[in-house]
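Fold and geometry: a report
Residues per chain are reported as follows:
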Amino acid sequence: MWIVRLALRRPYTFVVAALLLMLLTPFVLLRTPTDIFPGIDIPVVSVIWQYAGLNAQEIEQRIIYNHERSLSATVNDIEHIESSSYNGVDVIKVFLQPSTSVDAGVVQITAVTQTILQLLSLGQTPQ
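To keep things clear, this report deals only with the structure shown in the data block. Since the model is a prediction, treat every value here as computed from it, not as a measurement.

**Focus on the overall build of the protein chain**
Across its full length, the protein chain holds four helices and four strands. Start at the N end of the protein chain and walk to the C end: the helices and strands fall as α-α-β-α-β-β-α-β. Here the C-alpha radius of gyration of the protein chain, 29 Å, is well above what a compact globule of 127 residues would show, namely 14 Å. When its C-alpha atoms are laid out on the principal axes, the protein chain stretches across 85 × 35 × 20 Å. Looking at the protein chain as a whole, 20% of its 127 residues qualify as buried. Sequence separation of 24 or more characterises 62% of the internal contacts of the protein chain that already satisfy a separation of 6 or more. For the protein chain, the accessible surface area stands at approximately 9600 Å², while carbon and sulfur atoms represent 61% of it.

Set out below in structure tokens:
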């Protein structure tokens, strides 16, 4: 309530304050950073295997075990590998070292995946 009384007693003060805010707004907007989130560079490559009709345990035994072994033996600069099996689908996440090029990792992982794909039966597809 005290601010209303002050505004009624000194109207020019509030008019000047409002004009000052309007004049400073463009400068504040131009200096405000547009990207408020930091850059996150986590080198992760995901491979998703699909095979309709297989349960999670069969996908893990038939496909994922061999694929993880081939990845760890062939691809350079792997930090660790995580996989999750579901009915008909498996997701493998390959975490690379922080200084590694993701493009080079994708090329190597694609080459290993294509090699394994030739050894498997029809209907299995990596994405």
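**Description of helix α2 (residues 11–31)**
With 21 residues, α2 should reach 30 Å at 1.5 Å per residue; the first-to-last C-alpha distance of 31 Å fits that figure. Its axis deflected by about 35 degrees at L24, α2 carries its strongest bend there, up to four residues before the proline P26.

**Structural notes on a nonpolar patch on the surface**
On the surface, W2, I3, V4, L8 and F14 cluster together to form a nonpolar patch covering roughly 560 Å² of accessible area. It is helix α1 (residues 2–9) that provides the largest number of residues to the nonpolar patch, a total of four residues. Among the secondary structure elements, L8 is positioned in helix α1.

Conventions we followed
Residues numbered from 1 in each chain as written. Predicted model: local features only at pLDDT ≥ 70, side-chain atom pairs only at ≥ 80, totals over all residues. Heavy atoms only, no water. Helix = DSSP H or I, 4+ residues; strand = E, 2+ residues; numbered from the N terminus. Rg over C-alpha atoms; globule rule 2.2 N^0.38 Å. Buried < 20%, exposed > 50% of the residue type's maximum accessible area, 1.4 Å probe, protein only. Contact = heavy atoms within 4.5 Å. Areas by Shrake-Rupley, 256 points an atom, 1.4 Å probe, with all protein chains shown as cover. Expected span 1.5 Å × (residues − 1). Bend = angle between axes of the 7 residues up to and from the residue. Patch = residues over 30% accessible without salt bridge, like charges linked within 9 Å, V, L, I, M, F, W, Y side chains within 5 Å. Salt bridge = Lys/Arg side-chain N within 4 Å of Asp/Glu carboxyl O.

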